[in-house]
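Close look at the chain arrangement
Single-letter residue listing:
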Amino acid sequence: MNLNATLIAQLVVFLVFVWFTMKFVWPPITKALDERAKKISDGLAAADKAKTDLALAEKKVVDELRRARESASDLRGGAEKQSAQIIDEARAEAARIVAAAREAAEQEAGTAIQRAKESLRDQVAQLAVAGAEQILRREINAQVHAELLSNLKQELR
Amino acid sequence: MSAENETAQHGLSAGEYIAHHLTFFNGTGAKQQALVDWSLINYDTLFFSVALGALACLAMWLIARKATTGVPGRAQAAFELLVEMVADQAKGLIHSAESRKFVSPLALTVFIWVFLMNAMDFLPLDVLPNIWAAIFTGMGHDAHHAYMRVVPTADINATLGMSITVLLICLYYNVKIKGFGGWAHELVSAPFGTSKNPVLAIVLGIVNFAMQLIEFGAKTISHGMRLFGNMFAGELIFMLIALMGAAWTGFNAPSLLLFAGHFVAGFAWALFHILVVVLQAFIFMMLTLVYVGQAHEGH
């Protein structure tokens, strides 16, 4: 164990190797390590975020479904109401039409009765005149007795 | 049994075999005599530490260059594991994020480099030295002088070189964090505090300063010596185990028993040494972080 200049040489060599490691080895490898650690923590954060997003989306889906169901039932209610209304209107219209028809028929019937009465009256008047002719056995001047006949017609009304 | 070959080739005794393995290749062809000699350099230590460090840097660079933030490949995943481990330790011990930009790579380099240097112990003891001996004699030199030690961390120069680097980094951070004045104040006022009495203040200042010097010295020397001691002892025990096989004299009972002993002991020690190699690399890294961390905190 004798000391000699190897000691100095070793000292210098040591420093050179340390310098090399410090310059070319340590920075890239620690950079890689740090960046990977960051990547991993970012990935974990993203996974967490995705999980919350998913939960939110699921909640939204449930809300949308509920809303859709509500609007569908609203629609159905509206349609039912509208159809009931349409049916009611149709029924009222039908009733109205029936009433008008009945009125028209009644009116027509009334007119027919009236006409029948008129013609009956005419015929009664002619019958009466014919009867009277037969009874009197003589020629009756129609022109002379027209006034008489119309008076008779008036009385029969 | 390469050890046997070597003893047979060169006719070495057990003591000579071990001494040969414990001598550095410093270009003089002999063991360094003086305790401290700045004119010498252990080329083997330097070669293996630089080669292993360069290999480690290249491998790390190749992985880091293609680092992806997506799904990592196997090499990247394994390296990331290591980086995270070091980064976590650094985060626990150094609270300044700015300092960690330098200290974390420092700790990573220390761990991988020291681990690789320690792991040279697992190579069969004589493989690289024998190859080197063949090359050396091929170059027309005496094989006896083809010294080679393959574990750089079993060289006190390498480990102390690294621990002194850590000391310099600690001093740098002391000044950087506390300011020169703040650090100077700490040097004379910690660990025993100071006094309002001027005489007592000077005495305490001297004692405190001495304690600080001792602390820095003890930290640095124990830091380097711990790794060196463990790896040197481990290497030495591999050598002693190798001697059992080296005592082969033919198919006879003692030789066969020693051969079995070589195998069993070598296997057991190698297994245990796996633990030591990783543990010492980890301890060296942790102490580096602890010392730099201490430089950030006031007493």
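So, how was this worked out
Residues numbered from 1 in each chain as written. Chains lettered and ligands numbered in written order. Predicted model: local features only at pLDDT ≥ 70, side-chain atom pairs only at ≥ 80, totals over all residues. Heavy atoms only, no water. Helix = DSSP H or I, 4+ residues; strand = E, 2+ residues; numbered from the N terminus. Buried < 20%, exposed > 50% of the residue type's maximum accessible area, 1.4 Å probe, protein only. Contact = heavy atoms within 4.5 Å. Lys, Arg positive; Asp, Glu negative; His and termini not counted. Charge placed at Lys NZ, Arg CZ, Asp CG, Glu CD. Rg over C-alpha atoms; globule rule 2.2 N^0.38 Å. Areas by Shrake-Rupley, 256 points an atom, 1.4 Å probe, with all protein chains shown as cover. Buried area = accessible area lost by both parts, 1.4 Å probe. Salt bridge = Lys/Arg side-chain N within 4 Å of Asp/Glu carboxyl O. Polar contact = N/O pair within 3.5 Å; in protein donor to acceptor, adjacent residues only side chain to side chain. Nonpolar A, V, L, I, M, F, W, Y, C, P; charged D, E, K, R; others polar. Core = buried A, V, L, I, M, F, W, Y, C linked by side-chain atoms within 4.5 Å. pLDDT = per-residue confidence, 0-100. Phe/Tyr/Trp six-rings, centres within 6.5 Å; stacked < 30°, edge-to-face > 60°. Lys NZ or Arg CZ within 6 Å of the ring centre and 35° of its normal. Axes fitted to C-alpha atoms, helices over the stretch in contact; angles between N-to-C directions. Parallel < 35°, antiparallel > 145°, perpendicular 65-115°, else oblique. Left-handed = near helix turned anticlockwise from the far one by under 90°.

1. A word on the overall build of chain B
Scanning chain B for helices and strands turns up nine helices and one strand. Its helices and strands taken in sequence order, chain B reads α-α-β-α-α-α-α-α-α-α from the N to the C terminus. Taken over the C-alpha atoms alone, chain B extends approximately 80 × 60 × 40 Å along its principal axes. Burial status across chain B gives 44% buried among its 299 residues. Put simply, 73% of the contacts in chain B that link residues at least 6 apart link residues at least 24 apart. Averaged over its 13 positive side-chain charges, chain B has a centre that lies 16 Å from the centre of its 17 negative ones.

2. Points about the overall build of chain A
When helices and strands are tallied, chain A shows two helices and one strand. Taken from N to C terminus, the helices and strands of chain A fall in the order β-α-α. A globule of 157 residues ought to have a C-alpha radius of gyration of about 15 Å, yet chain A, at 61 Å, is considerably larger. By its C-alpha atoms, chain A is 195 × 25 × 15 Å across when sized along the principal axes. Within chain A, the proportion of its 157 residues that are buried is 15%. Working note: accessible area of chain A is about 12200 Å², and carbon and sulfur atoms make up 61% of it.

3. Things to note about the interface of chain A and chain B
Counting from both sides, the interface comprises 30 residues of chain A and, opposite them, 56 residues of chain B. Overall, the association of chain A and chain B removes approximately 3800 Å² of surface from exposure, summing both partners, and the carbon and sulfur fraction of that is 75%. The largest contributions to the chain A side of the interface with chain B come from Q10, F14 and W26 of chain A, which together make up 19% of the buried area. One can count one salt bridge joining chain A with chain B. Across the pair R36 of chain A and E80 of chain B runs a salt bridge whose closest N-O atoms are separated by 2.8 Å. Inspection of the chain A/chain B interface yields 17 residue pairs in polar contact (both at pLDDT 80 or more). Going through the elements one at a time, β1 (3–4) and α1 (6–136) of chain A are the ones with two or more residues in the side of chain A that touches chain B. For the side of chain A that touches chain B, the leading source of residues is α1 of chain A, giving 25 residues. In terms of residue class, the side of chain A that touches chain B is built from 21 nonpolar, six polar and three charged.

4. A closer look at the nonpolar core
Residues F14 of chain A together with F79, L108, W113, V114, M285 and L289 of chain B are the most contacted members of the largest nonpolar core, which totals 61 residues. Sorting the residues of this core by element identifies α1 of chain A together with α3 (43–65), α4 (74–93), α5 (97–119), α6 (127–138), α7 (156–189), α8 (198–246) and α9 (253–296) of chain B as the ones contributing at least two each. Sort the elements by how many residues they give to this core and α5 of chain B lands first, with 11 residues. Contact partners of W113 of chain B, with chain neighbours within four places excluded, come to Q10, V13, F14 and F17 of chain A together with S49, L52, G53 and M162 of chain B.

5. A short note on the confidence of the model for chain B
Residue and element names in this part refer to chain B. Residues with a pLDDT of 70 or more make up 96% of chain B, whose mean pLDDT is 89. Every residue in residues 1–10 is under pLDDT 50, and counting partners more than four places away or in other chains gives 23 contacts. With a pTM of 0.76, the predicted complex shows an ipTM of 0.87.

6. A look at the packing of aromatic side chains
Counting across every chain of the model gives 18 aromatic pairs over all chains. Note on F17 of chain A and W113 of chain B: the rings are 5.1 Å apart at their centroids and 80 degrees apart in plane angle, and the pair reads as edge-to-face. Linking F17 of chain A in helix α1 with W113 of chain B in helix α5, this pair reaches from one chain into another. Their ring planes at 65 degrees and their centres at 5.1 Å tell us that Y172 of chain B and Y173 of chain B sit as a pair that is edge-to-face. These aromatic residues form a ring-pair network of at least three members: F25, Y43, W132 and F136 of chain B. Above the face of the W61 of chain B ring, R65 of chain B is positioned so that its terminal group lies 4.9 Å from the ring centre.

7. Quick look at the side chain of H273 of chain B
Residues and elements named next belong to chain B. In this fold, H273 is placed in helix α9. A distance of 2.6 Å separates a polar atom in the side chain of H273 from a polar atom in the side chain of D121. With residues up to four places along the chain from it excluded, the contact list for H273 reads D121, F122, N230, M231, G234 and F238.

8. Some details on the pattern of salt bridges
Residues and elements named next belong to chain A. For the structure shown, the criterion picks out 14 salt bridges over all chains. Among the ionic pairs, R66 bridges to E70, the shortest N-O distance being 3.3 Å. Taken together, the positions of R66 and E70, both in helix α1 and four residues apart, correspond to about one turn of that helix. Residues joined in a network through salt bridges with shared partners are D63, R66 and E70.

9. Section: the packing of α4 of chain B against α9 of chain B
All names here are of chain B. At a minimum axis distance of 9 Å, the contact between α4 and α9 shows a crossing angle of 30 degrees. By the angle between their directions, the pair α4 and α9 is classed as roughly parallel. Remark: the crossing between α4 and α9 carries right-handed chirality. Judged by residue contacts, M85, V86, Q89, A90 and L93 of α4 engage F282, M285, M286, L289, V290 and G293 from α9. Its residues assigned to classes, the contact of α4 with α9 comprises nine nonpolar, two polar and no charged.

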